[in-house]
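# Overview (structure and organization)
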Amino acid sequence: MRELNDRGIGRGDRVAVVLPNGPELATAFLSIAAGASVAPLNPAFRREEFETYLSDLAVKAVVVEKADSSIAATVAETLNIPVLELESDMRQPAGWFRIHDIRQLKSPARRGGLSEPADEALALHTSGTTSHPKVVPLSHQNLVHSANNVQAVLHLCPDDLGLNIMPLFHIHGLVASLLVSIIAGAQVVCAPPFDALKFYRWFAEARPTWYTAVPAMHQAILARAAHNHAVVGTSRLRFVRSCSAALPSTVTHNLERLFNCPVIEAYGMTEAAHQISCNPLPPMQRKIGTVGPPAGTEIAILDDQQRFADHHQVGEIVIRGPNVFAGYADNREANAAAFIDGWFRTGDLGFLAPDGYLTVTGRSKELIIRGGEKIAPREIDDVLHAHPAVDQAVAFSMPSPTLGEEIGAVVVLKEGMRASEHEIKEFVAERLAKFKVPQRVLFRDRLPRTATGKLQRVGLAEKLGIL
Ligand code: AMP
């Protein structure tokens, strides 16, 4: 922190960090946030993305790896932003680093010293890729409340060891893998960027008691399980956590069978500093297909008239609590639309059962309206996932001249398996009402995803080139 203050960086100043996943990214985040705000960026961004993000965030400096040939440093130079090079040393403990200045920052920090609870600790972007992403500032208070909320569900102890495979430029990894471990006094091994082919090697080496990931990673891990039975046999996993996208129930069942431990699904978002609800661990009941009861965040459902909805009535999920951010940076218009009477509108649809368990049914923007019929695409995803030849699948809205919208689906088949478009449609037709059967089924080698592994349903038809 003192090193940053000497370089003119203090509380409230943003520092972009562009590093590959691993222990140095974790320690850079923790040490910089102690006295400034961290804006971690995906090292895989292209030039235009760095230009947009670095200008948007008005960062005071950019931290990159020493001798990094990435474009982040070049873009920073062209934008006249000082670059700080991070040098690690394999002989030192994991996470050790030294900072080198490429160009010395002269002016002293306006506000030096340790960050206060209300100071910004982290600046992230919304995960939307279709419109200009909004900046989400999160305070230390937001992050600490959120990490405590995760710990209240997981009950980590000093003997626990988490294997972090989530990107540490996303809220999920930062809070529900890194910060929760620190708050609990537990251990965390920060793996390099996710690679399903290497997962079981890391798993054997670290011997984790738990890990958290997005469904796409769980699916990739499951897909390689057959070649790694010996490693799986040594597992000491207490549980597996999933968050950040809907977890198909077949994946939950297969993971539970593989690792012989409970799989708990949580629901979270960047604006809530991650966790909103989470299924509890045994002996409490986890309900597959739900995202569990509120886990430290207040949850309500609003109907079309913006009144509180009854149990089982689908509406927009709204949230409030000390982990929820105060508003998007410099965006009065977005904030006016995002909050209602102190509640933040998630843009997600769902319902609460009388026992308090929340089910997410989709996003309001994703809803497919086919000839007046409203269809939650997730329902179709679940059926597609149940097909024995389907590895991954996603349903989406396609424009239709007659019905307004039609349903499309893109499917990734399991290795060595076959299925025709006709067979898949038949399979869905056997399980769902006719109006929910996709009009088109496309086969691809992989699903189009954002950098953090999310499926972006909106605009998928265009992305797949079928418009
Ligand atoms: P992010 O801000 O990248 O964490 O994305 C947050 C969004 O991911 C939420 O608003 C939801 O739309 C979605 N999401 C997160 N967790 C789940 C879940 N368990 N089931 C369905 N959608 C989820």
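Calculation criteria
Residues numbered from 1 in each chain as written. Predicted model: local features only at pLDDT ≥ 70, side-chain atom pairs only at ≥ 80, totals over all residues. Heavy atoms only, no water. Helix = DSSP H or I, 4+ residues; strand = E, 2+ residues; numbered from the N terminus. Contact = heavy atoms within 4.5 Å. Areas by Shrake-Rupley, 256 points an atom, 1.4 Å probe, with all protein chains shown as cover. Salt bridge = Lys/Arg side-chain N within 4 Å of Asp/Glu carboxyl O. Buried < 20%, exposed > 50% of the residue type's maximum accessible area, 1.4 Å probe, protein only. Near = heavy atom within 4 Å. Polar contact = N/O pair within 3.5 Å; in protein donor to acceptor, adjacent residues only side chain to side chain. Nonpolar A, V, L, I, M, F, W, Y, C, P; charged D, E, K, R; others polar. Arc of directions from axis to C-beta. Pairing = 2+ DSSP bridges. 1 Å grid on protein atoms, 1.4 Å probe; cavity = no way out; pocket = protein on both sides within 12 Å on 5 of 7 lines; lining within 4 Å. Points joined across faces, edges and corners; volume = space filled by probe spheres on them. Domains from an automatic or database assignment. Axes fitted to C-alpha atoms, helices over the stretch in contact; angles between N-to-C directions. Parallel < 35°, antiparallel > 145°, perpendicular 65-115°, else oblique.

Along the backbone of the protein chain there are 14 helices and 23 strands. Each principal axis of the C-alpha distribution contributes one length, and for the protein chain these read about 70 × 55 × 45 Å. Long-range pairs, those at least 24 residues apart, make up 64% of the contacts in the protein chain with a sequence separation of at least 6. Working note: accessible area of the protein chain is about 20,900 Å², and carbon and sulfur atoms make up 50% of it.

A few words on the pattern of salt bridges. Think of it this way: side chains of opposite charge can pair up when their charged atoms draw near. Following the criterion strictly, the structure yields 18 salt bridges and no others. Arg7 is the salt-bridge partner of Glu3, the closest N and O atoms lying 3.0 Å from each other. Residue classification places Glu3 among the partly exposed residues on the basis of a relative accessible area of 48%. For Glu256, the salt bridge goes to Arg286, with nearest N and O atoms at 2.8 Å. Taken together, the residues span a long stretch of sequence, with Glu256 in helix α10 (residues 249-259) and Arg286 in the loop between β13 (274-278) and β14 (298-302) at a distance of 30 residues. Through salt bridges that share partners, Arg11, Arg111 and Asp119 make up one connected network.

Moving on: the site of the ligand. The ligand sits among 16 residues. The nearest are Glu265, Ala266, Thr270, Asp348 and Lys454. A distance of 3.2 Å is found between a nitrogen atom of the ligand and a backbone nitrogen or oxygen belonging to Ser244. Per-element tally for the shell around the ligand: the top contributor is strand β12 (residues 263-269), with 5 residues. Looking at the shell around the ligand, its residues break down into 7 nonpolar, 5 polar and 4 charged.

Residues Ala196, Phe199, Tyr200, Trp202, Phe203 and Ala206 constitute the buried set of helix α7 (residues 196-206). Burial along α7 is one-sided: seen end-on, the buried residues are contained in an arc of 160°. Exposed residues lying more than 90 degrees from the buried face of α7 are Leu197, Arg201 and Glu205. In the core, the buried residues of α7 are packed alongside β8 (161-164), β9 (187-190), β10 (210-213), α8 (215-223), α9 (229-233) and α10. By the N-cap criterion, in which a side-chain oxygen at the helix start approaches the backbone nitrogen of a residue two or three places on, α7 is capped by Asp195, the distance to Leu197 being 2.9 Å.

Here we come to the environment of Ala94. Within the fold, Ala94 resides in the loop between β4 (83-88) and β5 (97-101). Sequence spacing of Ala94 and Pro23 is 71 residues, and the spatial spacing of their C-alpha atoms is 5.9 Å.

Turning our attention to the pairing of strand β3 (residues 61-65). Burial analysis of β3 places 4 of its 5 residues in the buried class, which makes it a mostly covered element. As judged from the 4 bridges shared by β3 and β4, these two strands associate in the parallel manner. Following the sheet pairing, Val62 is matched in β4 by Val83.

Throughout the structure, instances matching the rule amount to 1 cavity of 30 Å³ or more. In terms of lining, the largest cavity is formed by Leu247, Thr252, Val263, Ile264, Glu265, Asn279, Arg286, Lys287, Ile288 and Gly289. Ranked by residue count, the leading element in the lining of the largest cavity is β12, at 3 residues. Partitioned by chemical class, the residues of the lining of the largest cavity number 4 nonpolar, 3 polar and 3 charged.

For the protein chain, the domain assignment lists domain 1 (2-115), domain 2 (140-363) and domain 3 (367-463). Between the C-alpha centres of domain 1 and domain 3 there is a distance of 41 Å.

It is worth spelling out the packing of helix α2 (residues 23-33) against helix α6 (residues 171-184) at this point. α6 packs onto α2 with a crossing angle of 70° between their chain directions and a minimal axis gap of 12 Å. Taken together, the axes of α2 and α6 lie roughly perpendicular to each other. For the pair α2 and α6, contact is made by Ala26, Phe29 and Leu30 and by Leu174, Leu178, Leu179 and Ile182, respectively. Looking at the contact of α2 with α6 residue by residue, the classes come out as 7 nonpolar, no polar and no charged.

This brings us to helix α13 (residues 421-431). Burial in α13 covers these residues: Ile424, Phe427 and Val428. Buried residues in α13, looked at end-on, bunch into an arc of 95°, giving them a common side. Within α13, the exposed residues directed more than 90 degrees away from the buried face are His422 and Glu430. At its buried positions, α13 is contacted by α12 (377-386), β21 (390-400) and β23 (440-443).

Time to look at the side chain of Glu316. Residue placement: Glu316 occurs in strand β15 (residues 315-320). Residue classification places Glu316 among the buried residues on the basis of a relative accessible area of 13%. Side-chain polar atoms of Glu316 contact the side chain of Arg345, separated by 2.8 Å. Those residues in contact with Glu316, other than ones at most four positions away along the chain, are Ala300, Ile301, Leu302, Arg345, Thr346, Gly347, Asp348 and Leu349.

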